[in-house]
Amino acid sequence: KLRSVETEGREIVLVVDVSNSMLADDVSPSRMERTRYAIARLVESMKSDRVGIVAFADEAEVLLPITGDYKMAQSMVKRLSPSLIAHQGTDIAKALDVALMSFTTSTHNKNSRVAILITDGESHNEDTEAVIERARKEGVMVCAIGIGTPEGVPLSINGTRIEDEDGKMVITKLGEPLLQQIAEA
């Protein structure tokens, strides 16, 4: 039998940094592994919420449109990695912009829309504040979860240490000023 059931829950878009810096191991076993674990636990605890996933580096892509299908969400969480996004970098503003477009327009209570940003906070774009302000005006709460340590570690990809154009080792660390800015917005 077909029946209509009305549930009340939040729409949660997980905005996940999949840039190369998320491979750093200053958080054991790595920032990316820790992120996957945390998201999997969050999805396991959901009951009537709907979830979507946006992965980003220099570009942002909707991996999972907002859904109540938690098994599909868990499947997408396992796929999170830097290989999902061709162009590396970290554009948090673009990622949040894509997340804002992901929410359904039929949400009755705008206060039930939440974007959870999970990143090491090393953004390469200055427009983040404007997108957060737009989110606030649209009734979307933006929460930021920083993953990494303030001290950071040398960045290595596939066992190769990355150097800048001057031959100095690239250190990736938690971008505390950006995360603080998001928290205060």
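Definitions and cut-offs
Residues numbered from 1 in each chain as written. Predicted model: local features only at pLDDT ≥ 70, side-chain atom pairs only at ≥ 80, totals over all residues. Heavy atoms only, no water. Helix = DSSP H or I, 4+ residues; strand = E, 2+ residues; numbered from the N terminus. Buried < 20%, exposed > 50% of the residue type's maximum accessible area, 1.4 Å probe, protein only. Areas by Shrake-Rupley, 256 points an atom, 1.4 Å probe, with all protein chains shown as cover. Salt bridge = Lys/Arg side-chain N within 4 Å of Asp/Glu carboxyl O. Pairing = 2+ DSSP bridges. Axes fitted to C-alpha atoms, helices over the stretch in contact; angles between N-to-C directions. Contact = heavy atoms within 4.5 Å.

Counting its secondary structure elements, the protein contains five helices and nine strands. Along the protein, helices and strands appear, N-terminal first, in the series β-α-β-β-α-α-β-α-β-β-β-β-β-α. Going through the 185 residues of the protein one by one, you find that 47% of them count as buried. With the model as given, the accessible surface of the protein reaches about 10,300 Å², and the carbon-plus-sulfur share is 49%.

Looking now at the pattern of salt bridges. A side chain of one charge can pair with a side chain of the opposite charge if their charged atoms are brought near each other. Applying the stated criterion across every chain, the model contains 11 salt bridges. A salt bridge links arginine 41 to glutamate 44, with the shortest nitrogen-to-oxygen separation between them at 3.8 Å. Here glutamate 44 and arginine 41 lie together in helix H1 (residues 31-45), a separation of three residues that amounts to about one turn. Here glutamate 44 falls in the exposed class, since its relative accessible area comes to 54%. The network of salt bridges with common partners includes Asp26, Arg31 and Asp120.

On a regular strand, one side chain projects to one face of the sheet and the next to the other, so that they alternate. Within strand E4 (residues 113-119), seven of the seven residues are buried, which leaves the element mostly enclosed by the surrounding structure. Taking every second residue as pointing to the same face, both faces of E4 are buried, with Arg113, Ala115, Leu117 and Thr119 on one and Val114, Ile116 and Ile118 on the other. For strand E1 (residues 11-17) and E4, the ladder comprises six bridges, and the chain directions are parallel. Residue pairing across strands places valine 13 opposite alanine 115, the latter belonging to E4. The sheet contact formed by E4 and strand E5 (residues 140-146) spans seven bridges and is parallel. Paired with threonine 119 across the two strands is glycine 146, which belongs to E5.

To continue, consider the sheet that holds strand E2 (residues 50-56). Here five strands make up an open sheet; going across it, the order is E3-E2-E1-E4-E5 and the pairing mixed. This sheet does not close on itself; its edge strands, each paired only once, are strand E3 (60-67) and E5. Strand after strand, the sheet turns through a mean of 15° between neighbouring axes, direction not considered. The sheet strands contacting H1 are E1 and E4, and the helix crosses E1 at an angle near 170°.

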